[in-house]
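# Observations on the model geometry
Listed below, chain by chain, are the residues.
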Amino acid sequence: MKTKPLKPELTDFKSAPWCFNGHFHTICASLFFRPSHASFKRVKIDTPDGDFLNLDRIHRSPDAPVLILLHGLEGSSGRYYIQNLASQMAFFGYNVVAMNFRSCGGEMNQTRRFYHSGEYEDLQTVCKWIETQYPDSIQIAAGFSLGGSVLLNYLNHFSDESLIQAFAAVSVPYDLYRGSVNLQNGFNRLYDYQFLITLRDKLQQKRRIFEDLPAFYGSTLFEFDDQVTAPVHGFKDAEDYYNQCSSAFFLDRISKPGLLIHSREDPLCPFDYIPMDDIHQNPYLTACFTERGGHVGYWSMPPGWMERTICQYFNMILNRLEDASNPNDFTP
C-alpha cells in the first residue's frame, strides 16, 4: 500500500527560561515534576524462565490500542514521565501497560538475571500477554532512555514479526560505549554515582540468594556493566555488551514507524553520538530534535510538551495504520 511520506508537523519545544542548560532540564524535571498518579492496577505475569514481571495497567476498552511504556535505568512505572504519558494517553482512550523491568517496580525478581539495554525477550513476553488480553488491538510502545534502547533492540530482532506496530523513543543512548564513558566526565559523575547506589544495593540483595553472582569492586557504571551486567547476561565483557546492543549499529534496519525525540543539550547521551545519516535515510523514522531540553526532562512553557508530542504522533500514525488492511503492509 502506497502512502504519503510520513513526516508529521510537531510542535516546537519552548523551554522554561530558568532551565538554561541540559542539566537543569534533566534534574529539575526529575525533582520537581509532579507525576499525575495514573490509575494503574498491578498485574504480575510469569516469564518463560520461571520469573515474573510486574506490569501496571490502565484498561479503557477491549479493542482500543494498547500503549506499552518502558522506563529508564533504575526507574519504574512510578517515574513522572511514565505516569504523565500514561494518564494523557488513557484520557484519549488508549489502554496502557507500563512494564517494570526485573528488580524494578518495588519487588526483587526471583532469578539471577536483572535487565539491560538490549533485553528484548521480556518485552516479547509482555507483548504476547497483551495479545491474549487485547486480541483485536494494535500494540504501540514508548521507551525512555534505556527503555528506548530495549525497544529498538526488540524492533531490530523481531523485525516484521514484531507485535509492536509503532513507537516513540526518547533520549536513547544510541552508542552505549560512548554514553557510558561520558558518565565519567565532570558533572556527569553525579548521574553515574546515583545509578550505582541502587545497582549496588540490588546486587547485594541478590548475592545473599545467589552466591555465585559476581561481586562489584568498581566505581563507575562502565565497571558495573563489565563486572556484573555483561557476565550475568551472557556477554564477554562491557564492550561486547555495548557492541551487541547499541542501536546506532542497526537503526537503518528498523521497519516500523517511529518517533525519535532527543535534545541537543542532553548531558547523558550527547547529541553528537546520534547516527544522523541512518535516521534521515530510514523513511520509517521521524526525528524530533530540540535545541533545548535535557535527558528525558523537557520543562516546557506551557508544561507537557513531551507528552503532547508523543500523543500527537501516535494519534496520527494510528489513523494511517487503521487505513491499511494489515499494519504489517504499512509503507512510509
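## Re the pairing of strand 1 (residues 41-46)
For strand 1 and strand 2 (residues 52-58), the ladder comprises six bridges, and the chain directions are antiparallel. Residue pairing in the sheet places Lys41 in a bridge with Arg57 of strand 2. Linkage of strand 1 to strand 2, two consecutive antiparallel strands, is achieved through a turn of five residues, within which Gly50 is found at a positive phi near 85 degrees.

## Observations regarding helix 6 (residues 189-207)
The end-to-end C-alpha separation of helix 6 is 26 Å, in line with the 27 Å expected for 19 residues at 1.5 Å each. Among the residues of helix 6, those classed as buried are Tyr191, Asp192, Phe195, Leu196, Leu199, Lys202, Leu203 and Lys206. If you follow the buried residues of helix 6, they end up packed against helix 1 (22-32) and helix 7 (221-232).

## A short note on the layout of surface pockets
Each pocket or cavity is described by its volume, and for the largest pocket that value is around 620 Å³. Lining of the largest pocket is provided by 24 residues; of these, Ser30, Leu73, Arg79, Gln194 and Phe195 occupy positions nearest its centre. The set of elements that each furnish at least two residues to the lining of the largest pocket consists of helix 1, helix 2 (80-91) and helix 6. Looking at the lining of the largest pocket element by element, the count peaks at six residues for helix 6. Split into classes, the residues belonging to the lining of the largest pocket amount to 11 nonpolar, 10 polar and three charged.

## Considerations on empty space enclosed by the protein
Scanning the model with the defined rule gives three cavities of 30 Å³ or more in all. When its volume is computed, the largest cavity comes out at roughly 400 Å³. Forming the boundary of the largest cavity are 28 residues, of which Leu73, Ser117, Leu146, Leu221 and Asp225 lie nearest the centre. Looking at the lining of the largest cavity, the elements that each hand over two or more residues are helix 5 (176-182), helix 6, helix 7 and helix 8 (238-245). Each residue belonging to the lining of the largest cavity can be placed in one class, and the counts come to 15 nonpolar, nine polar and four charged. Within this model, the second largest cavity holds a volume of roughly 40 Å³. Phe52, Leu53, Asn54, Asn100, Phe101, Arg102, Ser103, Cys104 and Glu107 are the residues that line the second largest cavity. Counting residues per element, the lining of the second largest cavity draws most heavily on strand 2, which supplies three residues. In the lining of the second largest cavity, the residues fall into four nonpolar, three polar and two charged.

## Topic: the pattern of salt bridges
Summed over the entire model, instances satisfying the criterion amount to 12 salt bridges. Taking the shortest distance from any N to any O, the salt bridge between Asp122 and Arg102 comes out at 2.8 Å. Pair noted here: Asp122 is in helix 3 (residues 121-133) and Arg102 is in the loop between strand 4 (95-100) and helix 3, with a separation of 20 residues, a long-range link. The same class applies to Asp122 and to Arg102, which are both buried. Here Glu121 makes a salt bridge to Arg113, at a shortest N to O gap of 4.0 Å.

## Topic: the sheet that holds strand 6 (residues 164-170)
Pairing is mixed in the open sheet, where eight strands are placed in the order 1-2-4-3-5-6-7-8. Strands at the two margins of the open sheet, each flanked by one partner only, are strand 1 and strand 8 (285-290). Put simply, the sheet's adjacent strands are angled 20 degrees from each other on average, direction ignored. Bridging between strand 6 and strand 7 (residues 258-263) involves four bridges; their strand directions are parallel. Looking at strand 7, one finds that Val170 is bridged to Ile261. Where helix 2 meets the sheet, it contacts strand 2, strand 3 (66-70), strand 4 and strand 5 (139-144), and its direction lies at approximately 175 degrees from that of strand 3. Of the strands in this sheet, strand 3, strand 5, strand 6, strand 7 and strand 8 are in contact with helix 10 (residues 305-323), which crosses strand 6 at around 160 degrees.

## Structural notes on the nonpolar core
The biggest cluster of nonpolar side chains holds 57 residues, and the ones touching the most others in it are Leu123, Ile164 and Phe167. Tallying contributions element by element places helix 4 (residues 146-158) first for this core, with seven residues. Ile58, Ala168, Ile261 and Leu321 belong to the second largest nonpolar core, which has 38 residues in total.

## Examining unusual backbone geometry
Note the cis peptide between Met301 and Pro302, where omega equals -5 degrees. One non-glycine residue with positive phi stands out, namely Glu74, at about 60 degrees. Its location among the elements puts Glu74 in the loop between strand 3 and helix 2. If you check the backbone angles, Ser171 has positive phi at about 55 degrees while not being a glycine. Positionally, Ser171 belongs in the loop between strand 6 and helix 5.

Reading guide: rules and limits
- Residues numbered from 1 in each chain as written.
- Predicted model: local features only at pLDDT ≥ 70, side-chain atom pairs only at ≥ 80, totals over all residues.
- Heavy atoms only, no water.
- Pairing = 2+ DSSP bridges.
- Helix = DSSP H or I, 4+ residues; strand = E, 2+ residues; numbered from the N terminus.
- Expected span 1.5 Å × (residues − 1).
- Buried < 20%, exposed > 50% of the residue type's maximum accessible area, 1.4 Å probe, protein only.
- Contact = heavy atoms within 4.5 Å.
- 1 Å grid on protein atoms, 1.4 Å probe; cavity = no way out; pocket = protein on both sides within 12 Å on 5 of 7 lines; lining within 4 Å.
- Points joined across faces, edges and corners; volume = space filled by probe spheres on them.
- Nonpolar A, V, L, I, M, F, W, Y, C, P; charged D, E, K, R; others polar.
- Salt bridge = Lys/Arg side-chain N within 4 Å of Asp/Glu carboxyl O.
- Axes fitted to C-alpha atoms, helices over the stretch in contact; angles between N-to-C directions.
- Core = buried A, V, L, I, M, F, W, Y, C linked by side-chain atoms within 4.5 Å.

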